[in-house]
Amino acid sequence: MRKMFRLGASATIGTHILPGEPLIEISEKLDAVIKLTIEPCDKIVAGVKNKTYDLGLIESSIFDDDLVYKEWMEDELMVCSLKKLPENLDEEEISHCKLICRRTNSPTRIFINDFFKELGLSYETFYSLSEINNASAAIQGIKWSKPNSEHPTVAIVSKLAVEEELRKDLLHCSRIKNKPMKRKFYLIYDKSEGTPPYMEDIIAYLQEWQ
């Protein structure tokens, strides 16, 4: 009977990046059944620590001294819209946008809020706000938004999560004040286990695959 490898991934990674080739390759390398669970980053960190997961993949820098963190991919968050907006949005243009944003106190919202502060902006700069739980819901919200040239609906999401939509011109992305909103994705595992050879193989594959 094939062994089970338990993988925990945050929403953007588990929904938009891992499915397909990466999971198949990991399964073949380990000769194992991959059980992928998608959860918020803080729950993945807790799950790796209490050995619910063999490996975690997170998109927010939530650090714990009991875990090993390996930088994986660089991601850019961008303003996503159905209607094509200027490539670089200024404060005046932002003030007309209706923003679909992440829930208050979520790691992604805190990260974006810190970015806004650097530019002298805030969530209150936008024309209106509505909250959702994850990036996939935000992307669907943009896809189904009604065209409104005066107050377009936007969301700040991972560029990696909308690659196909961008390629097909179904959605469009902009930066704010021409400043990239970059972040790191991390591979994490329990420090007390050392680094088993199979884990080294998986990490090496994922780092090469990107």
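Everything numeric here is computed off the predicted structure, so don't read it as measured data.

1. Let's talk about the side chain of Thr 12
Inspection of the secondary structure puts Thr 12 in helix H1 (residues 11–17). Exposure remark for Thr 12: the relative accessible area of 2% places this residue in the buried category. Those residues within four positions of Thr 12 in sequence are excluded, and the remaining contacts are Ile 17, Glu 59, Ala 135, Ser 158, Ala 161, Arg 183 and Phe 185.

2. Considerations on helix H5 (residues 107–118)
In this model, H5 (12 residues) spans 17 Å end to end at C-alpha, consistent with the 16 Å of a helix rising 1.5 Å per residue. Within H5, the full set of buried residues consists of Thr 108, Arg 109, Ile 112, Phe 115 and Phe 116. The buried residues of H5 occupy an angular sector of 120° when the element is viewed end-on, so they sit on one face. Relative to its buried face, H5 has exposed residues pointing more than 90 degrees away, namely Lys 117 and Glu 118. Residues of H5 that are buried sit in contact with strand S4 (67–81), strand S6 (98–102), strand S7 (128–132), strand S8 (153–158), strand S9 (172–176) and strand S10 (181–190).

3. Description of the pairing of S8
Where burial is concerned, most of S8 is hidden: six out of the six residues are buried. Judged from the five bridges that link them, S4 and S8 form a sheet pairing that is antiparallel. Across the sheet, the residue bridging to Cys 80 is Ala 155, located in S8.

4. Some thoughts on the packing of aromatic side chains
For the structure on display, the rule yields seven aromatic pairs. Aromatic pair Phe 115 and Phe 116: ring centres 6.4 Å apart, planes at 55°, arrangement tilted. Here Phe 115 matches Phe 116 in class, with each residue buried. Ring centres of Phe 116 and Phe 126 lie 5.8 Å apart, and the angle between their planes is 45°; this geometry places the pair in the tilted category. Residue Phe 116 is found in helix H5, and its partner Phe 126 is found in the loop between H5 and S7; the two are separated by 10 residues along the sequence. The class for Phe 126 is buried, based on a relative accessible area of 7%. The rings of Phe 115, Phe 116, Tyr 123 and Phe 126 are connected pair by pair, giving a single aromatic cluster.

Rules and cut-offs
Residue positions are given per chain, counting from 1 as you read along its sequence in written order. Only residues with pLDDT of 70 or above have their local features reported here, since the model is predicted, and side-chain atom pairs are shown and tallied only from 80 upward, although totals for entire chains, interfaces and linings are computed over all residues. Each side-chain value is derived from all of the structure's non-hydrogen atoms; neither hydrogens nor water enter the calculation. Secondary structure follows DSSP: runs of H or I at least 4 residues long count as helices, runs of E at least 2 residues long count as strands, and numbering of each begins at the N terminus. Relative accessibility thresholds used throughout: buried, under 20% of the residue-type maximum; exposed, over 50%; partly exposed, between the two (1.4 Å probe, protein chains only). Any pair of residues with heavy atoms lying within 4.5 Å of one another is described as a contacting pair. A helix is expected to span 1.5 Å for every residue after the first. The arc in question is the one traced by the directions running from the helix axis out to the C-beta atoms. Strands are treated as partners if at least two bridges between them are detected by DSSP. Only rings of Phe, Tyr and Trp enter the pairing, Trp through its six-membered ring, and a pair is recorded when the two centres are within 6.5 Å. The plane angle decides the type: under 30 degrees is stacked, over 60 is edge-to-face, the rest tilted.

Interpretation note: all reported values are geometric properties and have no functional meaning in isolation.
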